[in-house]
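# Structural features, examined
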Amino acid sequence: MEIKITKDYQEMSELAAKEVAKVLAEVKQPVLGLATGSTPVGLYEELSKMELDFSKTVSVNLDEYIGLDGNHPQSYRYFMNEKLFNHINIDKKNTYVPDGSLADSQKAARDYEELLSKLGRIDLQILGIGNNGHIGFNEPDRALSLPTHVVKLEESTIEANARFFDSIDEVPKEAITMGVGSILKAKKIIVLASGKAKASIIKSLVDEYVSTELPASLLKFHPNVLLIIDQAAASLLD
Ligand code: F6R
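This is a predicted model, so every value here is computed, not measured. (Residues numbered from 1 in each chain as written. Predicted model: local features only at pLDDT ≥ 70, side-chain atom pairs only at ≥ 80, totals over all residues. Heavy atoms only, no water.)

Among all positions in helix 3 (residues 76-83), only Tyr 76, Arg 77, Phe 79, Met 80 and Asn 81 are buried. Buried residues belonging to helix 3 abut strand 2 (31-34), helix 2 (41-49), strand 3 (58-61), strand 4 (63-65), strand 5 (95-96) and helix 5 (155-161). (Buried < 20%, exposed > 50% of the residue type's maximum accessible area, 1.4 Å probe, protein only. Helix = DSSP H or I, 4+ residues; strand = E, 2+ residues; numbered from the N terminus. Contact = heavy atoms within 4.5 Å.)

Within strand 9 (residues 188-193), six of the six residues are buried, which leaves the element mostly enclosed by the surrounding structure. The alternating pattern of strand 9 places Lys 188, Ile 190 and Leu 192 on one face and Ile 189, Val 191 and Ala 193 on the opposite face, and all of these are buried. Where strand 9 meets strand 10 (residues 225-230), five bridges bridge the pair, whose relative direction is parallel. Bridged to Leu 192 within strand 10 is Ile 228. Where the polypeptide runs from strand 9 across helix 7 (residues 199-207) and back to strand 10, its parallel neighbour, the crossover connection is right-handed. (Pairing = 2+ DSSP bridges. Right-handed = clockwise from strand over helix to strand, strands pointing away.)

As a further point, take the site of the ligand. Around the ligand, a shell composed of 15 residues is seen, among which Thr 39, Asp 63, His 134, Gly 136 and Lys 198 lie nearest. At 2.6 Å from an oxygen atom of the ligand is found a side-chain nitrogen or oxygen belonging to Asp 63. For the ligand, the protein covers 91% of the area, taking 410 Å² as the surface of the free molecule. Residues that form the shell around the ligand fall into these classes: four nonpolar, eight polar and three charged. (Near = heavy atom within 4 Å. Polar contact = N/O pair within 3.5 Å; in protein donor to acceptor, adjacent residues only side chain to side chain. Areas by Shrake-Rupley, 256 points an atom, 1.4 Å probe, with all protein chains shown as cover. Nonpolar A, V, L, I, M, F, W, Y, C, P; charged D, E, K, R; others polar.)

Another aspect to go through is the pattern of salt bridges. One pass over the structure, following the stated rule, counts 13 salt bridges. One salt bridge connects Glu 19 with Lys 22, and the closest N-O pair in it is separated by 3.4 Å. In this pair, Glu 19 and Lys 22 are both assigned in helix 1 (residues 9-26), three residues apart and thus about one turn of the helix distant. Close ionic contact of Lys 188 with Glu 19 constitutes a salt bridge, the shortest N to O distance being 3.2 Å. One end of the pair, Lys 188, is in strand 9; the other, Glu 19, is in helix 1, and 169 residues separate them in sequence. (Salt bridge = Lys/Arg side-chain N within 4 Å of Asp/Glu carboxyl O.)

Everything listed here is a matter of geometry and, on its own, says nothing about what the molecule does.
Right, dumping it as structure tokens:
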């Protein structure tokens, strides 16, 4: 796992944007794996400013809440449209987010995994990391699912995400997420983390053994992972 420490959030976002631009320049029909949350917002702002050509790009998002359709302002589909897709020349037909609005969410998860298989590869996967070490919505547990699956959100994750909703009761309790296996198939993975609140989990990620109780640690099995973190997130590293 290569680590790059940046001065601040802005520099982290710019560095990540350059990595995305490199993939767009090198690959004819790039497949980008994208994340939501606060961390990649700066990256998406950079990408929106850079006037890159996304016309051949396909994107797949990590996860979506169950029970929200794409028009709900807190759905991840809505987030992606607002933060990125509406500002670049990607064809929305080529942007995929798991569908959390279907009655049969198990089927929606299976269909999404099939889509990933059909696409055949993710050239670059962007990840954030939860305070508890989750990636996507793969929460710490004794065992983790490999393919895209339905997951119950941890209380700590519901609390962390409540800031985006009017009340904590409105936060969905379940989500569809790409599994750790789906994520590890990406050719290259970039993990972003910023701010003091992430310092402790970043220290655990770097210093501790691989464990399903810290899902991001499984990324250590991947040969091409770049951790881009700002000084505040790196502040507990030796
Ligand atoms: C988002 C996602 C989550 C977030 C993580 C960090 O699609 O899958 O794993 O990356 O919860 O969220 P922020 O960036 O808000 O700290």
